[in-house]
Amino acid sequence: MADIVVRAEEVIKEYRMGSNVVKALNGVNLEIVRGEYISLMGPSGSGKSTLFNMIGALDHPTGGSIYIDRQNMSQLSMSQIAWFRCHRVGYIFQNYNLLYVMTALENVTLPMIFAGLSVSERNDKGAELLKMVGLGDRTHHRPDELSGGQCQRVAIARALANDPTIILADEPTANLDMTTGREIINLIKELNVRQKVTVISATHDAKMLDVSDRVVNIRDGMIERIRNRDEIEIEIGKVGGH
């Protein structure tokens, strides 16, 4: 039996704009297996970022439910949600969201403070994570002393700070050139396999296709189609061979 880590059941999200009601999500059903690499794809305004935020407990549905490990997220208190965000989910953002007055090590270890680790534990673990993402020699550099790709690697290390079961990557390659974007995608995939962490990425980047276990296409607030690994490989082969 599949180990379902995320389950969306008839999820609806409505926004009121004056007298108008806009449905960002309109009855989404989705199950994600532990350890999968999932790419949420769709045009701007499709609802993929809204669903992404629901899974990360950054927003809550108007109707329906989001379950993480069988726990209905709508039933959690604010303190329980804060614990969930700190311990269960790692976030990678399009704009890195690093603090520019802090070094790479300080940025990576910041979430560990809220998890209660000691200074020595934080520094040892942070240095190891930076080494893992290829920045062992950039520990004491601030973001303005790093390239865009290096900043994103710091963000990835920070996402792993508290050993999350889920990594949420929001357009992680959007601000990077093609070569650097490919390096970041491969790094996230490597961590997905090595750490057995579930990766859910909201993206426009077609390069995500060949590392995804499944691609979920969203349009007009609904799931348009879901392609599994075999279908993705066939599609890539057709594109490559014209």
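The structure displayed is predicted, hence computed values, not measured ones.

Applying the stated criterion across every chain, the model contains 1 aromatic pair. One residue, arginine 7, lies across the ring of tyrosine 67, its end atom 4.4 Å from the ring centre.

Attention now moves to the pairing of strand β8 (residues 198-203). Look at any regular strand and the pattern is simple: side chains alternate between the two faces of the sheet. By the criterion of burial, β8 is predominantly enclosed, with 6 of the 6 residues buried. Burial along β8 is two-sided: Thr198, Ile200 and Ala202 facing one way and Val199, Ser201 and Thr203 facing the other are all buried. Note that strand β3 (residues 37-41) and β8 share 5 bridges and pair parallel. Within the sheet, the bridge partner assigned to serine 39 lies in β8 and is serine 201. Inspection of the sheet shows strand β7 (residues 166-170) paired to β8 by 5 bridges, in the parallel sense. Along β8, the bridge assignment pairs leucine 168 with isoleucine 200. Once you follow β7 into helix α6 (residues 178-195) and on to β8, the crossover reads as right-handed.

Bringing a nonpolar patch on the surface into the picture now. Taken together, Tyr15, Met17 and Val22 make up a surface patch of nonpolar side chains, about 280 Å² in accessible area. Looking at the secondary structure, you find tyrosine 15 in strand β1 (residues 4-17). Its relative accessible area of 35% is what places tyrosine 15 among the partly exposed residues.

Cut-off values and rules
Residues numbered from 1 in each chain as written. Predicted model: local features only at pLDDT ≥ 70, side-chain atom pairs only at ≥ 80, totals over all residues. Heavy atoms only, no water. Phe/Tyr/Trp six-rings, centres within 6.5 Å; stacked < 30°, edge-to-face > 60°. Lys NZ or Arg CZ within 6 Å of the ring centre and 35° of its normal. Buried < 20%, exposed > 50% of the residue type's maximum accessible area, 1.4 Å probe, protein only. Helix = DSSP H or I, 4+ residues; strand = E, 2+ residues; numbered from the N terminus. Pairing = 2+ DSSP bridges. Right-handed = clockwise from strand over helix to strand, strands pointing away. Patch = residues over 30% accessible without salt bridge, like charges linked within 9 Å, V, L, I, M, F, W, Y side chains within 5 Å. Areas by Shrake-Rupley, 256 points an atom, 1.4 Å probe, with all protein chains shown as cover. Salt bridge = Lys/Arg side-chain N within 4 Å of Asp/Glu carboxyl O.

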